[in-house]
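Here's the letter readout for the chains.
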Amino acid sequence: MTISVAEVIVDVAAYPVDRSFDYLIPDEMVSLIELGSRVKVQFGPRNVLGFVVALKEETDIPSEKIKPISQLLDIEPVLTSEMLQLAKWLKHETICFEIDALQVMLPSALRAKYEKFISLETDIDNLPEVLKPFFSQTSKVNYKDFEKNNLLHPLKTALKQKLVVLENVVKQKGQIKEVRKVQIADNTEILRDISNQISNRAKKQKVLIEWMMQHVGETMDPDTLYKETNTSSAVLQALIELGAAKFIQEEVYRDPFSKEVGHTKSLNLTEEQSTALQKITTAMENHQTETFLLHGITGSGKTEVYLQAISKCLNDGKEAIVLVPEISLTPQMTERFRSRFGELVAVMHSGLSVGEKYDEWRKVHQGKVKVVVGARSAIFAPFENVGIIILDEEHESTYKQEDNPRYHARDVAIWRGEYHKCPVILGSATPSLESYARAKKNVYSLLTLKERAMKQALPTVHIVDLREELKKGNRSMFSQELLESIESRLNKKEQTVLFLNRRGYSSFVLCRDCGTVLQCQNCDISLTYHRSNEKCKCHYCGYEIYVPKTCPQCQSEHIRFFGTGTQKVEEELYKFFPHARVLRMDVDTTKTKGSHEQILEAFGEGKADILLGTQMIAKGLDYPNITLVGVLSADTSLHLPDFRSAEKTFQLLTQVSGRAGRHEKKGEVVIQTYTPEHYAIELSKDQFYEPFYEREMMMRHQAGYPPYYYLALVQVSHEDVMMAADYAQKCVEWLRSNLSFNVSIIGPTAAGISRLQNRYRYQCLIKYKIEPELIPTLMQLIKLYRSEWIKKGILLSIDLDPTMI
DNA sequence: AGCACGCCGACT
DNA sequence: GTCGGCGTGCTC
């Protein structure tokens, strides 16, 4: 018996079809088809894309039911068997559709694009008049054209009468970029023969053929050829017709790197660094799955440890995956990797176009690179021989995907580490409590870097009590101390970074007479003002309107927008320091591609004295002349209704403080706050991680939050408030009676944003320590009530280990 | 999810 | 009598 049946996961995300379907493999495909190949199949009445997840000899499906695979889309499979296993695990761990788990591993360019076409089945004269014009030029028309012209009804009739047929076409979204090149014949004899044929009057052709004989068999860009020989396309064309050369299409990678980088060598390590590196390399040598938590204070040289561990990994002939939070994927960071490993590095982040992402992915897939530096989804880099996986800033919440599949890159990293028997490094100056607790329980191996790599002292941190400032009558955003510090930097020609917590400061539109704030029609959230197009936009659903002239409530004309916090700060800064050169970095100034980099670069080159921004600037900023960091209000993130707010604040403050004095010059940090006594603020002053950890762990223990308990968030939404609340209640009751007693269920309560896209959202929180039945129970819940809920219009979402609640 | 099949009310 | 409403069920 030979392989003749493929199990296929089809590209339809729905519960009833979230399993594999058997398809016959046509004979001519048998030798080509592999696990992880993409195929085109007929599924019911339509054509869809699918993934081959298993191959077998026979099937129980009766022959009248089974269909053949229509087309094999890849010569090389796009997914490895590791990825297929990983998808099954993700499906179970995060409760998602297998198809979603498979799709998230691939660049979006490989996703299917579905198009409908209508083709003519009879003579055009039989068609109704309204449809005729469409088929006058062609017999195949895009369905959308009928939709646009509101002709779906006559179209449907025509379909029924079989005058036309509908055809579903599956295409791939992304295209491989090709360029046209000239390939010179690789046979000198032929070239000489042609040369002899050329008439003596064709001087240019003579020149070109002579030149070609010097470049036998070479492939080049036509423009280079014209330039080199001072000829033109007409001359080349003549020689091509004689067979001296031909045009070929060559695959190329789009180049997302704008500039060349130099080459750097390994730096000398401190004792702490080499101890850490030693432990990591030992694990690599022993082919050991081991998760390390590399806890190093800011500036302690974690990156250098990564780089040298990767070097070792490459020497062993293996590949490396490095994850960094999206926001810190600045050129500064990626350049460090590219300058060490050159062309062996692929970079993946959201700033790339669909095509560029596809190309970077293909470099990995084709084995052209050995190192991937990327954001969350780079954890799925299709390497087959991974030697090390690194997550920098492991505490960052961007490692958790907020929509399906709701996976955490850290969990996937550890899974892949186990699969490849290789170490996983979680690096941070401020580890998440979860990871640190695991390190303390020896689930992870703790590596500590307590010293800064170049022995620089930590910056001096001053905490300024804004209540005192207020008492002194200072109503500005700047305390006396901060102003003095800024002034002294300006005098010394040193640089300052001012940091503003974004939350609570985003720009909104307010009526000064009645206090109304412009709200989104669909969501329970205020609209954000965008100066660039004079519009107000909802950041959650995309709803946007022009700024109204009068207040929608009271018709007053005194309506004004409150600029982003940063805009306001900038204005005020100029009042105090009219001659300071300020660079502002926020959503408004970083809208266009690359502007983020340009601003940082300009600042690095000393083109400004003060850099003012939000969280964006907290990471990876590393310039020698920055000697002052100011945090305008440390409290904004502290009072968020999230159990992680203290942790987030501590992390943020430590992070921004770390930007000052990373080189020769000593750094200073000024933190302004209304609650200086809060432990998250007080302890960040000296980067006292350990005491903060102990303190925060106590709080978590008392309140029953992670790492002591695991969380699962179940959310119910409906267009009607009562329905949402009712069903959330039903859901809670069902869970209470089906989960064990030591699981506590909180809620239902309205979600943080109680209405989103016109749907009211209620949620309940499940806290548990050990509950092996949780996932099966949740799946049971879906199974039992899915059809009823769908009828009523209820949507249910489940988030295991939510980052925000 | 999408689409066909199938059984009941308001129209030529 | 027929067109079209959307309830039910299936997709290898």
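These numbers were taken from a predicted model, which means no experiment stands behind them. (Residues numbered from 1 in each chain as written. Chains lettered and ligands numbered in written order. Predicted model: local features only at pLDDT ≥ 70, side-chain atom pairs only at ≥ 80, totals over all residues. Heavy atoms only, no water.)

Caption draft 1: The arrangement of the overall build of chain A in detail. Scanning chain A for helices and strands turns up 24 helices and 33 strands. The C-alpha radius of gyration of chain A comes to 31 Å, within 12% of the 28 Å expected for a compact globule of 805 residues. For chain A, the spread of C-alpha atoms along the three principal axes comes to 95 × 70 × 70 Å. Residues classed as buried in chain A amount to 52% of the 805 residues present. A total accessible area of about 38400 Å² is found for chain A, and carbon and sulfur atoms account for 50% of it. (Helix = DSSP H or I, 4+ residues; strand = E, 2+ residues; numbered from the N terminus. Rg over C-alpha atoms; globule rule 2.2 N^0.38 Å. Buried < 20%, exposed > 50% of the residue type's maximum accessible area, 1.4 Å probe, protein only. Areas by Shrake-Rupley, 256 points an atom, 1.4 Å probe, with all protein chains shown as cover.)

Caption draft 2: Focus on the protein's contact with DNA strand B. In the vicinity of DNA strand B, the contacting residues are Val12, Ala13, Ala14, Pro16, Pro45 and Arg46. For DNA strand B, the fraction of protein-proximal atoms (within 4 Å) that sit in sugar or phosphate groups is 50%. A distance of 3.1 Å is found between a base nitrogen of DNA strand B and a side-chain nitrogen or oxygen belonging to Arg46. A breakdown of the residues in the surface near DNA strand B according to their chemical character gives 5 nonpolar, no polar and 1 charged. (Near = heavy atom within 4 Å. Polar contact = N/O pair within 3.5 Å; in protein donor to acceptor, adjacent residues only side chain to side chain. Nonpolar A, V, L, I, M, F, W, Y, C, P; charged D, E, K, R; others polar.)

Caption draft 3: Spotlight on the confidence of the model for chain A. With 97% of its residues at a pLDDT of 70 or more, chain A has an overall mean of 88. Averaged over each element, pLDDT in chain A is lowest for strand β25 (residues 559-562) (72) and highest for helix α14 (residues 409-420) (98). (pLDDT = per-residue confidence, 0-100.)

Caption draft 4: Quick peek at the pattern of salt bridges. Within this structure, the stated rule accounts for 35 salt bridges. With a closest N to O distance of 2.6 Å, Lys400 and Asp799 form a salt bridge. On the criterion of sequence distance, the pair formed by Lys400 in the loop between β16 (386-392) and α14 and Asp799 in strand β33 (residues 795-800) is long-range, its members being 399 residues apart. Across the pair, Asp799 and Lys400 agree in class, each one buried. Residue Arg467 is joined to Asp465 by a salt bridge in which the shortest nitrogen-to-oxygen separation is 3.1 Å. What you see here is one network of salt bridges that share partners, running through Asp18, Lys88, Lys91 and Glu98. (Salt bridge = Lys/Arg side-chain N within 4 Å of Asp/Glu carboxyl O.)

Caption draft 5: Representation of the packing of aromatic side chains. Scanning the entire structure with this criterion turns up 17 aromatic pairs. The interplanar angle of 35 degrees and the centroid separation of 6.1 Å between the aromatic rings of Trp89 and Trp415 together place this pair among those described as tilted. A residue pair is termed long-range when its members are at least 10 positions apart, and Trp89 in helix α2 (residues 81-94) and Trp415 in helix α14 qualify at 326 residues. Trp415 sits in the buried class, given a relative accessible area of 14%. (Phe/Tyr/Trp six-rings, centres within 6.5 Å; stacked < 30°, edge-to-face > 60°.)

Caption draft 6: Representation of the packing of helix α23 (residues 721-738) against helix α24 (residues 774-792). Between α23 and α24, the shortest axis-to-axis distance is 11 Å and the interhelical angle comes to 155 degrees. Considered as vectors, α23 and α24 are oriented roughly antiparallel to each other. Relative to α24, α23 is oriented so that their crossing is right-handed. Facing Met723, Tyr727, Cys731, Trp734, Leu735 and Asn738 of α23, the residues of α24 in contact are Thr777, Leu778, Gln780, Leu781, Leu784, Tyr785, Glu788, Trp789 and Lys792. Here the contact of α23 with α24 is composed, by residue class, of 10 nonpolar, 3 polar and 2 charged. (Axes fitted to C-alpha atoms, helices over the stretch in contact; angles between N-to-C directions. Parallel < 35°, antiparallel > 145°, perpendicular 65-115°, else oblique. Left-handed = near helix turned anticlockwise from the far one by under 90°. Contact = heavy atoms within 4.5 Å.)

Caption draft 7: Molecular detail of the side chain of Arg755. By the secondary structure assignment, Arg755 is in strand β31 (residues 744-756). No salt bridge is formed by the buried Arg755. Its closest oppositely charged neighbour is Asp524, at 6.0 Å. (Lys, Arg positive; Asp, Glu negative; His and termini not counted.)

Caption draft 8: Geometry of helix α8 (residues 222-229). Within the span of α8, buried status applies to Pro222, Leu225, Tyr226 and Thr229. Seen along its axis, α8 keeps its buried residues to an arc of 100 degrees; they face one direction. Looking at α8, the residues exposed on the side facing more than 90 degrees away from the buried face are Lys227 and Glu228. Looking at the buried residues of α8, the elements they touch are β9 (178-184), α7 (203-214), β10 (219-220), α9 (233-242) and β11 (245-251). (Arc of directions from axis to C-beta.)

Caption draft 9: Molecular detail of the nonpolar core. In terms of nonpolar packing, the biggest core is built from 92 residues, with Leu79, Met105, Ile379, Phe380, Ile389 and Leu611 touching the most fellow members. When near neighbours in sequence (up to four residues on either side) are disregarded, Leu79 contacts Leu35, Gly36, Phe51, Leu84, Leu102, Met105 and Leu106. (Core = buried A, V, L, I, M, F, W, Y, C linked by side-chain atoms within 4.5 Å.)

Caption draft 10: Highlighting the protein's contact with DNA strand C. Taken together, 13 residues are adjacent to DNA strand C, and Asp22, Gly44, Lys65, Ile66 and Lys67 come closest. Among atoms of DNA strand C positioned within 4 Å of the protein, sugar and phosphate together represent 54%. One of the side-chain nitrogen or oxygen atoms of Tyr23 is found 3.1 Å away from a phosphate oxygen of DNA strand C. Among the elements of the structure, β2 (21-24) and β3 (38-43) are those that each provide at least two residues to the surface near DNA strand C. No other element matches β2, which puts 3 residues into the surface near DNA strand C. Across the surface near DNA strand C, the residue classes tally to 7 nonpolar, 2 polar and 4 charged.

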